[in-house]
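What follows is each chain in one-letter form.
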Amino acid sequence: MSKEYKLFVASVVVIFILMSNVYGFSEASAASLAPSAQTGERVTSSADRVQHNIRFAVRGTEVEVTTVKTSFDTGEMKRNEYHFTDPAVLPRIHTGLTTTSHSYDPIVSDTPAGLKGYMVYYATEKNEQYYVLYEYDYSSNKLRKVHESENRIYVEPQLGMFYTMYEKNAVKYQYYSMATGKKVYTHGKIFKEREITDTKYAVSPIPKSRDFGVYCNATLQDCHYLEYGGVKGQKAKVSNLQMMHDMKTKLTSKSFQASSDVQLSVSQGNVHDRKSDWTVIATKNGKKTTLIKERVGYVHSFVSPERKTLVLVTESGLDSKMESSKVHLYDLKTLKKIRSYDSPYKARTESIQWVTEDEYVIEQYFSNPGGYPPSLYVISANKHLKLRYDTYRDWKNHWNSFQFSTIFYPMELVAVKSGKGVLEYIGQPSFYMGGQNYVPLQEFTQAFHIQYQLDKDRITFTRGQRSSSINKPSSQLLTLYNQTFIPLGQWNKDMGLKVSETKGGIYNRELIMSDEEKGTELAMAPKDLPFRAYSRRMESVGDGYQLDKVYTSPVESSDTNGLNSVVLNFDGTLTYESPGEEVKELWFTSQDFNTVIGTLPVSSIPEKKWGFTTTKIPANLIQDGIVNVLIPGKKGLSTDVYSLKLPAPFDKNKFE
């Protein structure tokens, strides 16, 4: 999920704790404040299509957790920020000037125990290495320090387990239960889907789901399926499918069950000049079918998770002298070839990541993998979709946490906005690919009242008195799963629609469309958008403030509860970073900004090295879940008022 996705902040930050139980709140007189417009809430269904991501930041006396939600219904993204200061969750080694620290693999997984976020914190100080595994539980809004170790920690969230690989620099696998933190296995190996679909190992009985795990001892003589937390499940048999050499036949071969009724045999012989005679034979109901018989460098075999498709990759060279490779697809039910195609790159094939039965990514070896975008291949459509390497790398091990039947392109979603409207999606949202923004033709044209006529050699658009056309539309249109997408370009500009602003983020992109038909019946219909935290500029007037008459536009956050380090936490506490010596108190205003309803003095709070956080804000200052907090500055200088909203009760299926 870019390293920005794995954002880890390791810095010295001063945070002021606003302690109402010590210093108290007092009523304040009204200031010269003017009213402000406020947007409403978008009504969401009980089954929004939502993807969850998470970020962590470990500081001296707190762990900051930022949860991120991306909507597949609109392409929008929202964040919430939480601060945990309980000493029980703090790492033994704190981040400091002499400490190097970062995190490994922040993961959100929809586990059998609920939605969880995980991060492994890593720090080195002098000659000491240190790792901490954190678990954030979405439903309870609690952070737990699961395990601390001098050895690197690896996470298997769907299995409810984690493990270490070394002990005193010697290889020694230790497996633990995520729920209890207790060791459940020593040595041995856990086999998951990738080892089986890559035909490196075979397991029986065939797994019932894609999230399976099978534990075996070192000799593979004692194996069983794993239930959540490492609990022993059904007995299993795991076989190593390594190519074995036969001295009599002079062949190196392996044989395995490709599906419930297909046995596959792969053999290699007569090795000479970097090539061999390769033969692949499928046997079904006693009948043998030769799939491959040619002289090539190597043959790789793969099966889809549900054993519907067989993929054979033939490479004409070996290792550094790779020349080319070809991909062959076979239907395991009929043993008929679906098609063959040339691999996009001249590089050694290493593995296949299956997204669905119809979609996969072939992973190939590159010394600089970031320079070669992986290709999402859609079997039924015979189409390649380029993915950003860093985004794919972050998500590839956890495809199954947030899958929706109507989604085929998994990342870099695009939200399209115009005025107070936002484009809503029924199926696949707009997406960014290869430097272009693709929008669904049907939803986009309907939203902006555009008529179109699609012919074989031409597509024509009309919008009121405007018109445009594209010749040979098949070269631009992308049709998958009964949805047609078109990249934005000159045609939408001819319709009076231009991209006036692009907001790029880690998890989505936002396109702001300027519309020359704004205010007419051809414009996008306005909608109530989700609340986002925002600030308004306030100018100093006497002893008070009023809305600035020049800087009238609000500054909007992608969070609901925080902006510019002013954060309203889920428990009703307020966090503010580095207010400065001139700040003597905070003001809390009414919803219309006309009245100061309470103040909190901060001048007497003693300075602390790492900062501090509030206790709960009195209920009278939280109006309809929203707090307006103003940071007074020096007299005569402008300041800001922040509107923040308490995070809603968690529901993984709601974008709110």
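See the structure above.
A brief look at the structure comes next. (Residues numbered from 1 in each chain as written. Predicted model: local features only at pLDDT ≥ 70, side-chain atom pairs only at ≥ 80, totals over all residues. Heavy atoms only, no water.)

## Brief notes about the nonpolar core
Then comes step 1: The biggest cluster of nonpolar side chains holds 22 residues, and the ones touching the most others in it are Val-416, Phe-444, Ile-450, Phe-461, Ile-486 and Trp-491.
Then comes step 2: Of all the secondary-structure elements, those providing two or more residues to this core are strand 31 (413-418), helix 4 (441-447), strand 36 (458-463) and strand 41 (508-515).
Then comes step 3: Examining the composition of this core, we find that three residues originate from one element, helix 4, more than from any other.
Then comes step 4: Apart from residues no more than four positions distant in its own chain, Ile-450 is found in contact with Phe-444, Thr-445, Phe-461, Thr-462, Arg-463, Trp-491, Met-495 and Leu-497. (Core = buried A, V, L, I, M, F, W, Y, C linked by side-chain atoms within 4.5 Å. Buried < 20%, exposed > 50% of the residue type's maximum accessible area, 1.4 Å probe, protein only. Helix = DSSP H or I, 4+ residues; strand = E, 2+ residues; numbered from the N terminus. Contact = heavy atoms within 4.5 Å.)

## Digging into the sheet that holds strand 2 (residues 50-58)
Then comes step 1: Overall, antiparallel pairing links the three strands, which are arranged 2-3-4 in an open sheet. A strand with exactly one partner marks an edge of an open sheet, and here the two such strands are strand 2 and strand 4 (77-84). The sheet shows a mean angle of 20° between the axes of neighbouring strands, direction not considered.
Then comes step 2: One ladder, built from eight bridges, connects strand 3 (residues 63-71) with strand 4; its direction is antiparallel. Across the sheet, Glu-64 pairs through a bridge with His-83, a residue of strand 4. (Pairing = 2+ DSSP bridges. Axes fitted to C-alpha atoms, helices over the stretch in contact; angles between N-to-C directions.)

## Examining the state of the cysteines
Then comes step 1: This model, assessed by the stated rule, comprises one disulfide.
Then comes step 2: Through a disulfide, Cys-216 is tied to Cys-223; the S-S separation comes to 2.1 Å. Negative torsions about the S-S bond denote left-handed disulfides, and the value of about 120° found for Cys-216 with Cys-223 makes this one right-handed. Taken as a pair, Cys-216 and Cys-223 share a single burial class, namely buried. (Disulfide = S-S within 2.5 Å.)

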